[in-house]
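# Notes for the structure review
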Amino acid sequence: MDKVGQDGFRLSQALSSIRDGVVVWETGGGKAGKMVVVGDLMPKTLEGQITMEKTPSYFVTKEAPARIYAMSRDTKLIVVVRDPVTRAISDYTQTLSKKPDIPTFESLTFKNRTTGLIDTSWSAVQIGIYAKHLDNWLQFFPMRQILFVSGERLISDPAGELGRVQDFLGLKRIITDKHFYFNQTKGFPCLKKAEGSSKPHCLGKTKGRTHPNIDPEVVQRLRDFYRPFNMKFYQMTGHNFGWD
Ligand SMILES: Nc1ncnc2c1ncn2[C@@H]1O[C@H](COP(=O)(O)OS(=O)(=O)O)[C@@H](OP(=O)(O)O)[C@H]1O
């Protein structure tokens, strides 16, 4: 859940929230990383409260479903997804902003550009294969405990998407259109009033970075690559996200 979402919730509901943090990744030893902490760091939840924790990497971490299930099998899971092609470009843009020397998007996308073979081990590509990741979660959690929020609709209709979230969590629909306005300069909706303040609150500077122009042929190849995975994902979730 992003900041606008979190703020939106705090606006209206008794909600205890911590930011990214319950999971610690150990690096070193040449291993990709290991999740080591769960559970005890979660704040105590009082009657009538919902405790939230958000870590984007959970969704694509093989061990996460089993560990969260062991902590609490009733946990409700919310994942924001967007068109995997745009997601990959956004991911690359974020990395590029930190490491300007990385190779081009086009060269990272392919194992072999001539044959058009996509490098599915590149995380920017791999993360967007949502159907595959969802399969891991469905080994532990039923679909009714998982909500997929559309990243595109979070921009075009934030109140509508948050309406779905409130329903899913069994909360009253308190966040509505009247809590948002669209900031044309940012290209994102903002909250009219931030939590505990009378001032508006928009997403931070790092949201809405300009993406580099990518060779349209490469974009098309990626669209073709993702199409079957997207179709499977729509089937699994019963929701057409309209990416194709
Ligand atoms: N509320 C909301 N609605 C719609 N889209 C949103 C929202 N919050 C973040 N974003 C977009 O998600 C992209 C990744 O954002 P972050 O920088 O937060 O990434 S990260 O999770 O911190 O790694 C990044 O996409 P791009 O800006 O297109 O690159 C963010 O703009």
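Residues numbered from 1 in each chain as written. Predicted model: local features only at pLDDT ≥ 70, side-chain atom pairs only at ≥ 80, totals over all residues. Heavy atoms only, no water.

The name that an unreviewed UniProt entry assigns to the chain is Sulfotransferase, with the source organism given as Albula glossodonta. If you open the UniProt record of the chain and go to Sequence similarities (unreviewed entry), you find "Belongs to the sulfotransferase 1 family." (UniProt positions renumbered as here; feature names shortened; annotations may be inferred.)

With that out of the way, let us pick up the site of the ligand. Contacts to the ligand come from 14 residues, most closely from Arg-82, Ser-90, Lys-207, Gly-208 and His-211. Within the backbone of Arg-209, a nitrogen or oxygen atom sits 3.4 Å from an oxygen atom of the ligand. Its free accessible area being 630 Å², the ligand has 74% of it covered by the protein chains. If you list the elements that add at least two residues to the shell around the ligand, you get helix H3 (84-98) and helix H7 (151-156). For the shell around the ligand, the element with the highest residue contribution is H7, accounting for three residues. The class makeup of the residues in the shell around the ligand is five nonpolar, five polar and four charged. (Near = heavy atom within 4 Å. Polar contact = N/O pair within 3.5 Å; in protein donor to acceptor, adjacent residues only side chain to side chain. Areas by Shrake-Rupley, 256 points an atom, 1.4 Å probe, with all protein chains shown as cover. Helix = DSSP H or I, 4+ residues; strand = E, 2+ residues; numbered from the N terminus. Nonpolar A, V, L, I, M, F, W, Y, C, P; charged D, E, K, R; others polar.)

When the UniProt feature table is mapped onto this chain, "binding site: 3'-phosphoadenylyl sulfate" (unreviewed entry) is found at Arg-82, Ser-90, Lys-207, Gly-208, Arg-209, Thr-210 and His-211. Counting through the fold element by element, Arg-209 comes out in the loop between strand S10 (188-191) and helix H9 (216-237). Assessed through its relative accessible area of 26%, Arg-209 is described here as partly exposed. (Buried < 20%, exposed > 50% of the residue type's maximum accessible area, 1.4 Å probe, protein only.)

This part covers the state of the cysteines. Scanning all chains against the criterion turns up one disulfide. Note that Cys-190 is cross-linked by a disulfide to Cys-202, the S-S spacing being 2.1 Å. The chirality of the disulfide connecting Cys-190 with Cys-202 is right-handed, given an S-S dihedral of about 105°. Placement of Cys-190 in strand S10 and of Cys-202 in the loop between S10 and H9 is noted, with a sequence separation of twelve residues between them. The exposure class assigned to Cys-202 is partly exposed, which follows from its relative accessible area of 22%. (Disulfide = S-S within 2.5 Å.)

Moving on, we come to the pattern of salt bridges. Tallying each qualifying case throughout the model produces ten salt bridges. Of the charged contacts in the structure, one is a salt bridge between Arg-113 and Asp-215, with a shortest N-O distance of 3.0 Å. Of this pair, Arg-113 sits in the loop between strand S6 (110-112) and strand S7 (117-118) while Asp-215 sits in the loop between S10 and H9, placing them 102 residues apart in sequence. Taking relative accessible area as the criterion, Arg-113 reaches 44% and is therefore assigned partly exposed. Under the relative-accessibility criterion, Asp-215 is labelled partly exposed at 27%. (Salt bridge = Lys/Arg side-chain N within 4 Å of Asp/Glu carboxyl O.)

This part takes up the packing of aromatic side chains. Applying the stated criterion across every chain, the model contains 18 aromatic pairs. Taking the centre distance of 4.9 Å and the plane angle of 85° together, the rings of Phe-148 and Phe-233 count as edge-to-face. One end of the pair, Phe-148, is in strand S8 (residues 146-150); the other, Phe-233, is in helix H9, and 85 residues separate them in sequence. Like Phe-233, Phe-148 is buried. With a centroid separation of 5.4 Å and 55° between ring planes, the pair formed by Phe-225 and Phe-229 is classed as tilted. Linking Phe-225 with Phe-229, this pair stays in helix H9, spanning four residues, or about one helical turn. (Phe/Tyr/Trp six-rings, centres within 6.5 Å; stacked < 30°, edge-to-face > 60°.)

Alternating positions in strand S5 (residues 77-81) separate cleanly, Leu-77, Val-79 and Val-81 being buried on one face and Ile-78 and Val-80 remaining unburied on the opposite face. As defined by bridge partners, S5 adjoins S8 across five bridges and the pair is classed as parallel. Each bridged residue has a counterpart across the sheet, and for Val-80 the counterpart in S8 is Val-149. (Pairing = 2+ DSSP bridges.)

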